[in-house]
Amino acid sequence: MSHPAPPDAPVPDMPVLSIRLADGVLAFDGRLTIARVSETERQLEDMLARSPGPLLIDLSGLTRIDTVGAWIVHRLLRDRPGSGITGASADAERLLAEVSAADRPCEVRPVTEPFILRELRRLGEYVYAFRDSAVSALDFIGLTIISAWRAIAAGRGVRWNAVWVQMEQVGVNALGIIGLMSFLIGIVLAQQGAVQLRQFGAEVFVINLVGRATFRELGILLTAIMVAGRSASAFAAQIGSMKLAEEVDAMRTIGLDPIEVLVLPRTIALILMMPLLAFYASVLGVVGGGLFSWAELGIPPATFAQRLREVVPMSDFWIGLSKAPVFGAIIAIIGCHQGFQVTGNAESVGQRTTQAVVEAIFIVIVLDAFFAVFYTALGLS
Amino acid sequence: MATHADEPPVIRVRGLVNRFGDQTVHEGLDLDVRPGEILGVVGGSGTGKSVLMRSIIGLQTPAEGDITVLGQPVTGGETTQNQELTRQWGVLFQGGALFSGLTVAENIEVPLREYFRLTGQLMDEIAAYKVAMVGLPPEAGPKYPSELSGGMKKRAALARALALDPKLLFLDEPTAGLDPIAADGFDTLIRTLAETMGLTVFLITHDLDTLHAICDRVAVIAEKRIIASGTVAELSRFDHPWVQEYFSGPRGRAAAIAQHHAPLEVG
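Bear in mind the structure is a predicted one, so any value in this text is a computation, not a measurement. (Residues numbered from 1 in each chain as written. Chains lettered and ligands numbered in written order. Predicted model: local features only at pLDDT ≥ 70, side-chain atom pairs only at ≥ 80, totals over all residues. Heavy atoms only, no water.)

Once that is clear, we can look at the overall build of chain B. Broken down by element type, chain B carries 10 helices and 10 strands. In summary, chain B has a C-alpha radius of gyration of 18 Å against a globular reference of 18 Å for 267 residues, a match within 12%. For chain B, with 267 residues in total, the buried portion stands at 54%. Considering only residue pairs separated by 6 or more positions, chain B has 65% of its internal contacts joining residues 24 or more positions apart. Surface exposure of chain B reaches about 11,100 Å², of which carbon and sulfur atoms provide 50%. (Helix = DSSP H or I, 4+ residues; strand = E, 2+ residues; numbered from the N terminus. Rg over C-alpha atoms; globule rule 2.2 N^0.38 Å. Buried < 20%, exposed > 50% of the residue type's maximum accessible area, 1.4 Å probe, protein only. Contact = heavy atoms within 4.5 Å. Areas by Shrake-Rupley, 256 points an atom, 1.4 Å probe, with all protein chains shown as cover.)

The next point concerns helix α5 (residues 150–161) of chain B. Residue and element names in this part refer to chain B. In a regular helix each residue adds 1.5 Å, so 12 residues correspond to 16 Å; α5 covers 16 Å between its end C-alpha atoms and thus fits that length. Of the residues making up α5, those classed as buried are Lys154, Arg155, Ala156, Ala157, Leu158, Ala159, Arg160 and Ala161. On the buried face of α5, the contacting elements are β6 (89–92), α3 (104–115), α4 (120–133), β7 (168–172) and α6 (180–197). (Expected span 1.5 Å × (residues − 1).)

Another point: the interface of chain A and chain B. Chain A puts 30 residues into the contact, and the matching count from chain B is 38 residues. Approximately 2,900 Å² of surface area, both sides summed, lies buried where chain A meets chain B, with 60% of it carried by carbon and sulfur atoms. There are three salt bridges connecting chain A and chain B. At the junction of chain A with chain B, the criterion picks out 12 residue pairs in polar contact (both at pLDDT 80 or more). (Buried area = accessible area lost by both parts, 1.4 Å probe. Salt bridge = Lys/Arg side-chain N within 4 Å of Asp/Glu carboxyl O. Polar contact = N/O pair within 3.5 Å; in protein donor to acceptor, adjacent residues only side chain to side chain.)

Moving on, we get to the packing of aromatic side chains. Residues and elements named next belong to chain B. Counted according to the given criterion, the structure contains 14 aromatic pairs over all chains. With centroids separated by 4.8 Å and ring planes inclined at 15°, the aromatic side chains of tryptophan 242 and tyrosine 246 adopt a geometry described as stacked. Of this pair, tryptophan 242 and tyrosine 246 both sit in helix α9 (residues 241–248), four residues apart, roughly one helical turn. What makes tryptophan 242 partly exposed here is its relative accessible area of 26%. A residue is classified by how much of its surface remains accessible, and tyrosine 246, at 13% relative accessible area, is buried. Sitting over the ring of phenylalanine 99, arginine 160 keeps its end group 4.5 Å from the ring centre. (Phe/Tyr/Trp six-rings, centres within 6.5 Å; stacked < 30°, edge-to-face > 60°. Lys NZ or Arg CZ within 6 Å of the ring centre and 35° of its normal.)

Residues and elements named next belong to chain A. With mixed pairing, four strands are arranged side by side in an open sheet as β1-β2-β3-β4. Two strands lie at the open edges of the sheet, namely β1 (17–22) and β4 (84–86), each paired on one side alone. Between one strand axis and the next, the sheet turns through 20° on average, direction left out of account. Two elements, β1 and strand β2 (residues 25–32), share six bridges in a ladder whose sense is antiparallel. Bridging from a neighbouring strand, isoleucine 19 pairs with phenylalanine 28 of β2. Each of β1 and β2 is contacted by helix α1 (residues 34–50), which is oriented at about 10° to β1, the strand it contacts most. (Pairing = 2+ DSSP bridges. Axes fitted to C-alpha atoms, helices over the stretch in contact; angles between N-to-C directions.)

Let's shift gears to the pattern of salt bridges. Throughout the structure, instances matching the rule amount to 29 salt bridges over all chains. The residue Arg94(A) makes a salt bridge to Asp91(A) at a minimum N-O spacing of 3.2 Å. With Arg94(A) and Asp91(A) both in helix α3 (residues 90–101) and three residues apart, this pair spans about one turn of that helix. Owing to a relative accessible area of 31%, Arg94(A) belongs among the partly exposed residues under this scheme. The partly exposed category is assigned to Asp91(A), whose relative accessible area is 42%. The closest approach of N and O atoms between Glu109(B) and Arg109(A), which form a salt bridge, is 3.8 Å. Remark: Arg109(A) occurs in the loop between α3 and α4 (115–153) and Glu109(B) occurs in helix α3; the pair is interchain, linking two chains. Salt bridges sharing common partners tie together Arg109(A), Glu106(B), Glu109(B) and Arg113(B).

For the rest of this paragraph, the subject is the domain arrangement of chain A. Each assigned domain of chain A is listed with its residue range as follows: domain 1 (17–101) and domain 2 (148–377). The distance between the C-alpha centroids of domain 1 of chain A and domain 2 of chain A comes to 68 Å. (Domains from an automatic or database assignment.)

Below, the discussion takes up the layout of surface pockets. Over the atoms, a rolling probe the size of a water molecule traces out where space has been left empty. All names here are of chain A. The space that makes up the largest pocket amounts to roughly 1,100 Å³. Lining the largest pocket are 33 residues, and of these Tyr126, Ala129, Ser133, Arg352 and Gln355 lie nearest its centre. The set of elements that each furnish at least two residues to the lining of the largest pocket consists of α4, α11 (314–340) and α12 (346–377). Among the elements that take part in the lining of the largest pocket, α4 stands out by supplying 13 residues, more than any other. Here the lining of the largest pocket is composed, by residue class, of 15 nonpolar, 11 polar and seven charged. (1 Å grid on protein atoms, 1.4 Å probe; cavity = no way out; pocket = protein on both sides within 12 Å on 5 of 7 lines; lining within 4 Å. Points joined across faces, edges and corners; volume = space filled by probe spheres on them. Nonpolar A, V, L, I, M, F, W, Y, C, P; charged D, E, K, R; others polar.)

The structure is reproduced here in structure tokens:
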């Protein structure tokens, strides 16, 4: 890029800048513009380092100058008292006046603190943020319940139109991906189980493994994780963008309760759809396992179904399904809650969306562990 | 700044046709923007002012027509890859379009970093004087766009548009959403910067005061093309219902009177 012309041969009309410094006279020839300055900045600095003290700056050879060029000249005049200019055109004079009027120090980025302090501060902030987030999430759950109660008590009821729309988006539109995932997981489960059980000649127990694991745990847990990734993020982003566009504030001023309008339909939709999705996922998981057993272990579908009825107690089915509405509610509320936390800019929407997914998946897994302990304590193993 | 009518136009649009689906926005639109002039483009809502600007800067590929900017042909999407061209223009979008993850000063440095290898110190200095030039206080430099008011965002976005000392400046409704005092200040600023930096300005506006205050020429879009262009005085005599309504309606007259009695001390 950098190929300055030889100092002794200035060619005025060529798009180049040549710089000469001799006997305290600094002469620019050609174009003193941002493009030429960027090519010759270091060369100029080297020259100037060799010649301290006041300079006479000769601008008579300039064919063009812009504000960056004027800034270079202005900076020299400012930093070297006693310097002067000669041969400046009217354009150059005007730009020089303009940039010197605009010469005010200005920070480029916010002041940063030392690394250790910053990291310590961030750790502290993180702990506080965790506490605040937990408190405000609880707060939000309470608000949602109160809103639901108010809507029903005031006879407004639930906005079923919005619920239908959300049910389609969170449920029907998710059928493809959740079905595919469950089907493949069923196959993997049967295949891995078969490999291990074959060592004992007990391949037939693959049916127990697939049936019980799918209905009781995997069907609902994997569905919840998939829905958390799909819908908690969507809720956070939708509500977050609405908050940025002041739509949420507009609702409040019209007298609509944003929680009733935005959160309730989403929560109800997920509470209704999660059990259905979980059941659907479990069935497809079993179908995947059954097909694998048929193809690889030679267990015909009729036998598989017969055996499934013997080994999978109904309690497994009900336990799995009982968790679904709870997961649905928590995923919806966390997603919406994060959406309402959006402030300021588009970046915040991204952060909150990520946060919603991470939080929702985390809480779903924690809750699932609680359910496992709870049902075991009840003797339902 | 005197305009140079004899020199080739900076922007030359011939036979521009833009369609969205079966809706035609422009049909054989011709436009010249002369070197050194501030051209105001006016027209009713939905007449395709922004689409015209987007066609000229290559964000919108027209169905038909030739567009030349600074002597180079503009051909839709590939234009934004033409760095020789893009670095000679600055664009101020209606909402400012500042990068929200960067501070004001860092926003100004983005084009500098993209095109040139300057030292960090010089870049910071350039950002600082650009901040001051557009009339922002020094405290605005390290602030993020979300911390600025609407008027300050516009100024910051103008500073970014001017970062590379462009020859050509595109402004999409620069005074929309500003209070009248801020809008006057912004008009003055554009006029001053255009004069000191020798800019050619393509300005979309609804603001009659802006037209009177700073535009050398005004082009009117109606009926899918430029139906008239000329000085404000010429256009107010132009016989077309929309043009008459626009310049001789209550607001048009008020702006003309304000301009007549209290000319801005610019130009």
